[in-house]
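Structural overview for review
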Amino acid sequence: EVQLVESGGGLVQPGGSLRLSCAASGFTFSSYAMSWVRQAPGKGLEWVSAINSGGGSTYYADSVKGRFTISRDNAKNTLYLQLNSLKTEDTAMYYCAKDTPWYPQYEYNYWGQGTQVTVSS
């Protein structure tokens, strides 16, 4: 059974940082691209970032480029998202999602339960 479990969210002041983690199980993690997707209160889903299976290729939405960093540790079956220089508009539920093999195709068949990030002074 595929499981994705996010953690690391919380309340942070503008300009602060957080590191999100997504622990994966039930599939060969190292063979799949992965993504982070977020949903702000009252809004639709917004793709944030993606990474290929090996970790050498990363992709970002313009809204987070230069502030967020996606990475993965295939030995630990874990996906990460480092969030720096946080803004109030980054407040959202953050989900990790299992993509297709090797490179992102933005086709998600499994999602985690999400971790809440709230940016507020």
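Report follows, based on the coordinates. (Residues numbered from 1 in each chain as written. Predicted model: local features only at pLDDT ≥ 70, side-chain atom pairs only at ≥ 80, totals over all residues. Heavy atoms only, no water.)

This part is about the overall build of the protein. The helix and strand tally for the protein stands at zero helices and 11 strands. Tracing the protein from N to C terminus, the helices and strands come up as β-β-β-β-β-β-β-β-β-β-β. Along the first, second and third principal axes, the C-alpha set of the protein runs to 40 × 25 × 25 Å. Sorting the 121 residues of the protein into buried and exposed places 45% on the buried side. (Helix = DSSP H or I, 4+ residues; strand = E, 2+ residues; numbered from the N terminus. Buried < 20%, exposed > 50% of the residue type's maximum accessible area, 1.4 Å probe, protein only.)

So, on to the pattern of salt bridges. The tally for this structure, following the rule as stated, stands at four salt bridges. Between Arg-38 and Asp-90 there is a salt bridge, with its nearest N and O atoms 3.0 Å apart. On the criterion of sequence distance, the pair formed by Arg-38 in strand S4 (residues 32–39) and Asp-90 in the loop between strand S8 (78–83) and strand S9 (92–101) is long-range, its members being 52 residues apart. Each member of the pair, Arg-38 together with Asp-90, is buried. Taken together, the shared-partner salt bridges in this structure form one network comprising Arg-38, Glu-46, Arg-67 and Asp-90. (Salt bridge = Lys/Arg side-chain N within 4 Å of Asp/Glu carboxyl O.)

As a further point, take the sheet that holds strand S7 (residues 68–73). Taken together, four strands build an open sheet; the order of strands is S1-S3-S8-S7 and the sheet is antiparallel. Edge strands, defined here as strands with exactly one partner in the open sheet, are strand S1 (3–7) and S7. Here the strands of the sheet are splayed against their neighbours by 15° on average, with no regard to which way each runs. Of the strand pairs in this sheet, strand S3 (residues 18–25) and S8 are connected by six bridges, and their pairing is antiparallel. When the bridges of S8 are listed, Ser-21 appears paired with Tyr-80. (Pairing = 2+ DSSP bridges. Axes fitted to C-alpha atoms, helices over the stretch in contact; angles between N-to-C directions.)

Under the defined criterion, the tally for this structure stands at one disulfide. Note that Cys-22 is cross-linked by a disulfide to Cys-96, the S-S spacing being 2.0 Å. Taking the torsion about the sulfur-sulfur bond, which here is approximately 50°, the covalent link between Cys-22 and Cys-96 counts as right-handed. Of the two residues, Cys-22 is situated in strand S3 and Cys-96 in strand S9; the sequence distance between them amounts to 74 residues. (Disulfide = S-S within 2.5 Å.)

Here the focus is the pairing of S4. Counting buried positions over the eight residues of S4 gives six, a clear majority of the element. With seven bridges joining them, S4 and S9 adopt antiparallel strand pairing. Bridge pairing links Met-34 to Lys-98 in S9.

By themselves, these observations are geometric and do not establish any function.
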